[in-house]
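Residue-level structure breakdown
These are the residues of each chain, in order.
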Amino acid sequence: MNEKEYREKIESLYPALYRIALGILHNEQDAADCLQEAVFRGWIKRRQLKNPESFRAWMGRITMTEAKNIQRKAMRQKRIPLISASGPNGSVREALFAIPEKYRVPLILFYMEGYSTREIAEMLQIPEGRLRERMRAGREKIRRLMEDGKN
């Protein structure tokens, strides 16, 4: 893949990759930094991509890995505030960000970014059945938080 092809693919994926990073990091500046690093790492490792049709999932995985790296570094520096799961005020977005990351990320990738369960399972490196169970549990957690928030 040459530089022009890579740039075109990244430009088309950039909004989706940004939302993935933002969904993990909860901070726009950190998400932008994450994307910059992920795009750089993708360029450096582009020859490792065996199947060009998997580019979208591959870049999603690189973005998620980089977001986790930033998150670990920030946690060591105590920069990321913990999100309270005590129950949001009824907002779906607040409920989504109140559930644990292992449930939140698959829901964001599926509902907001349009990835298939197969692609998400590949990105997260888990069996597809486990992914579907996490998504079901995540939806249930959101439903409970929404119900608690309305009372």
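All values reported here derive from a predicted model rather than from experimental measurement.

1. Focus: helix H1 (residues 3-25)
- Between its first and last C-alpha atoms H1 spans 28 Å; for 23 residues at 1.5 Å apiece the expected length is 33 Å, and the helix comes up short by more than 12%.
- The sharpest bend along H1 measures roughly 55° and falls at Tyr14, with the proline Pro15 sitting one to four residues further on.
- Structurally, the start of H1 carries an N-cap: the backbone nitrogen of Lys4 is 3.0 Å from a side-chain oxygen of Asn2.
- Positioned one or two residues after H1, His26 has a phi angle of 60°, which is positive.

2. Some details on the nonpolar core
- Counting 44 residues, the largest nonpolar core has Phe55, Met59, Met64 and Leu109 as its most contacted members.
- Among the elements of the structure, H1, helix H2 (28-44), helix H3 (55-77), helix H4 (92-98), helix H5 (101-112), helix H6 (117-124) and helix H7 (128-150) are those that each provide at least two residues to this core.
- At nine residues, H1 tops the list of elements feeding residues into this core.
- Here Met59 is in contact with Tyr6, Ile10, Leu13, Leu17, Ala38, Val39 and Gly42, once residues within four sequence places are set aside.

3. Examining the confidence of the model for the protein
- Residue-level pLDDT values for the protein average 85, and 87% of them are 70 or greater.
- Scored below 50 in pLDDT, residues 78-89 shows 19 contacts in the model against residues more than four places distant or in partner chains.

4. Remarks on the packing of H5 against H6
- Between H5 and H6, the least distance of the axes is 10 Å, while the angle of their chain directions is 140°. Taken together, H5 and H6 sit at an angle that is classed as oblique. Two packed elements cross with a definite hand, and for H5 against H6 that hand is right-handed. Across the interface between the two elements, Val105, Pro106, Leu109 and Phe110 of H5 pack against Thr117, Ile120, Met123 and Leu124 of H6.
- Split by residue class, the contact of H5 with H6 holds seven nonpolar, one polar and no charged.

5. Notes on H5
- For H5, every residue scored as buried is listed here: Glu101, Tyr103, Arg104, Val105, Pro106, Leu107, Ile108 and Leu109.
- One or two positions beyond H5, positive phi appears at Gly114, with a value near 80°.

6. Some points on the pattern of salt bridges
- Counted according to the given criterion, the structure contains 12 salt bridges.
- Where Arg7 meets Glu3, a salt bridge forms, and the shortest distance between an N and an O atom there is 3.1 Å. In this pair, Arg7 and Glu3 are both assigned in helix H1, four residues apart and thus about one turn of the helix distant.
- Note that Glu128 is salt-bridged to Arg132, the shortest N-O span being 3.3 Å. A residue pair is termed a helical-turn pair when its members lie 3 or 4 positions apart in one helix, as Glu128 and Arg132 do in helix H7 at four residues.

About the cut-offs
- Residues numbered from 1 in each chain as written.
- Predicted model: local features only at pLDDT ≥ 70, side-chain atom pairs only at ≥ 80, totals over all residues.
- Heavy atoms only, no water.
- Helix = DSSP H or I, 4+ residues; strand = E, 2+ residues; numbered from the N terminus.
- Expected span 1.5 Å × (residues − 1).
- Bend = angle between axes of the 7 residues up to and from the residue.
- Polar contact = N/O pair within 3.5 Å; in protein donor to acceptor, adjacent residues only side chain to side chain.
- Core = buried A, V, L, I, M, F, W, Y, C linked by side-chain atoms within 4.5 Å.
- Buried < 20%, exposed > 50% of the residue type's maximum accessible area, 1.4 Å probe, protein only.
- Contact = heavy atoms within 4.5 Å.
- pLDDT = per-residue confidence, 0-100.
- Axes fitted to C-alpha atoms, helices over the stretch in contact; angles between N-to-C directions.
- Parallel < 35°, antiparallel > 145°, perpendicular 65-115°, else oblique.
- Left-handed = near helix turned anticlockwise from the far one by under 90°.
- Nonpolar A, V, L, I, M, F, W, Y, C, P; charged D, E, K, R; others polar.
- Salt bridge = Lys/Arg side-chain N within 4 Å of Asp/Glu carboxyl O.

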